[in-house]
Protein chains: 2
Amino acid sequence: MADKTLDDLFYETLKDIYYAERKILKTLPKMARGAQNPKLKAAFEKHKDETEGHIERLQQVFEIIGKRPRAKTCPAIDGIVEEGEEIMDDFKGMPALDAGLLAAAQAVEHYEISRYGTLSAWAKQLGLPEAAALLEQTLQEESKTDEALSKLAETAVNTAAQKKAA
Amino acid sequence: MADKTLDDLFYETLKDIYYAERKILKTLPKMARGAQNPKLKAAFEKHKDETEGHIERLQQVFEIIGKRPRAKTCPAIDGIVEEGEEIMDDFKGMPALDAGLLAAAQAVEHYEISRYGTLSAWAKQLGLPEAAALLEQTLQEESKTDEALSKLAETAVNTAAQKKAA
C-alpha cells in the first residue's frame with residue numbers, strides 16, 4: 001500500500017467539503033422559508049447564491065489537481081444540518097425560531113471556515129497557489145457571512161426571540 | 001403549549017454543548033495517542049485539561065439558570081468526531097495522519113466557537129451577565145486553541161505530512 005501523504009488528504013477533504021456545500025445549497029431554501037425576520041430570510045437567500053459560487057470554485061480546484069469533482073458523505077455537515085432541522089421542528093411558529101435558525105447557520109459557517117482554512121493552508125504547502133487563492137476567496141466570504149449573521153443576531157433576532165407572542 | 005422563547009433555546013443549546021464537551025473529553029486522549037508529532041500530542045493533552053474546565057463552567061451556567069446539568073445528543077459533534085475517527089483509520093501510520101488529526105481538531109474547535117459565541121450573546125440578551133462571562137471565557141480559550149493549532153500546522157505538521165516515509 002502506498003504511503004498516504006498530504007496530496008491524498010487534500011483530495012479526501014476536498015470531496016468532503018464538496019458534499020457539504022451541495023448539502024448546504026439544498027438546505028438554505030428551507031431555512032429561508034422558515035425564517036420570520038425579512039433580513040434573515042434575505043441573508044439566507046444571498047448565501048444560497050454565494051454557495052453556488054463556492055461549488056464552482058471547488059470544481060476549479062478539482063480541475064487543478066487533475067481530478068473529477070466527487071462528493072464524499074460528510075457526517076459532520078449531516079449532523080450540523082440535522083440539528084438545524086430539529087430546531088425548525090421544535091421551535092416552529094415560536095418567537096425563538098429565528099434565533100435558533102441563525103445559530104444553526106453560524107454552526108454551518110464555522111464548519112466551512114475550519115475546512116477552507118485547512119484546505120487553503122494545505123494547497124499552499126502543496127505548491128498549488130491558484131487553488132489556494134480560490135479556497136482563500138471562499139474562506140473570506142464565509143467569514144463575512146458569519147460576521148453579518150452575528151450583527152443580525154445582536155441587532156434584531158435575539159431581541160425578538162425573547163418576546164412572548166401576543 | 002407555551003411559547004418557546006430565548007430561555008428555552010438557551011437551555012436546549014446548553015444541553016447540546018454539554019454533551020459535545022463530554023464527548024470531546026473522551027475523544028482527546030485517543031487523538032493524543034494517535035498523534036506522532038510530540039507538540040501535537042502535547043496540544044491535545046493540554047486541551048483535554050482545558051475541556052475539564054469548560055465542563056465545570058457549563059455546570060455553573062446550569063446552576064445560574066436553576067437547572068440540573070443535562071446532556072442532549074448533539075449530532076453535529078458526533079459527525080465531526082466520526083470524521084476524525086475515519087481519518088485515524090484511513091491514515092494510520094501514514095505521513096499525513098497528524099495533518100488530518102489537526103484538521104479534525106480544528107473542526108471541533110470551530111463548532112465550539114460557534115456555540116459559545118451564540119450562547120454568550122444569548123446570555124447577555126437574557127440578562128445573565130455571570131453566565132455570559134463564563135461562556136465568554138471558554139470562547140476565548142477555544143479561539144486560542146484554534147490559533148495555536150493553525151500555527152502548529154504551518155510550522156511543523158503540514159511539512160511532515162508531505163514527505164513520503166523512508
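Note that this is a predicted model, so its numbers are computed, not measured. (Residues numbered from 1 in each chain as written. Chains lettered and ligands numbered in written order. Predicted model: local features only at pLDDT ≥ 70, side-chain atom pairs only at ≥ 80, totals over all residues. Heavy atoms only, no water.)

Asks: What am I meant to see in the relation of the copies chain A and chain B here?
Replies: For the pair of chain copies, the relating transformation is a rotation about an axis with a translation along it. Note on the copies: chain A fits chain B at an RMSD of 0.0 Å, the axial shift is 0.0 Å, and the rotation between them is 180 degrees. Such a turn and shift between the copies fits a two-fold axis. Of the residues that chain A buries at the interface, 100% are likewise interface residues in chain B, meaning the two copies contact each other through the same surface. (Least-squares fit on C-alpha atoms with pLDDT ≥ 70 in both. Contact = heavy atoms within 4.5 Å.)

Asks: How do you make sense of helix α5 (residues 129-162) of chain A when you look at a structure like this?
Replies: Between its first and last C-alpha, α5 of chain A extends 47 Å over 34 residues, near the 50 Å set by a 1.5 Å rise per residue. Bending of α5 of chain A peaks at approximately 55 degrees at the position of A153 of chain A. (Helix = DSSP H or I, 4+ residues; strand = E, 2+ residues; numbered from the N terminus. Expected span 1.5 Å × (residues − 1). Bend = angle between axes of the 7 residues up to and from the residue.)

Asks: In this structure, what is going on with the interface of chain A and chain B? I would like to understand it.
Replies: By a frequent convention, interface size equals the accessible area lost on bringing the separate parts together. With 47 residues of chain A at the contact, the number on the chain B side is 47 residues. Surface buried jointly by chain A and chain B totals about 3,900 Å² across both partners, of which 59% is contributed by carbon and sulfur atoms. Counting across the interface, chain A meets chain B through 2 salt bridges. The residue R115 of chain A makes a salt bridge to E83 of chain B at a minimum N-O spacing of 3.0 Å. Applying the counting rule to chain A against chain B returns 11 residue pairs in polar contact (both at pLDDT 80 or more). Looking at the side of chain A that touches chain B, the elements with two or more residues in it are α1 (6-34), α3 (75-90), α4 (97-125) and α5 of chain A. No other element matches α4 of chain A, which puts 14 residues into the side of chain A that touches chain B. Class assignment for the residues of the side of chain A that touches chain B results in 23 nonpolar, 11 polar and 13 charged. (Buried area = accessible area lost by both parts, 1.4 Å probe. Salt bridge = Lys/Arg side-chain N within 4 Å of Asp/Glu carboxyl O. Polar contact = N/O pair within 3.5 Å; in protein donor to acceptor, adjacent residues only side chain to side chain. Nonpolar A, V, L, I, M, F, W, Y, C, P; charged D, E, K, R; others polar.)

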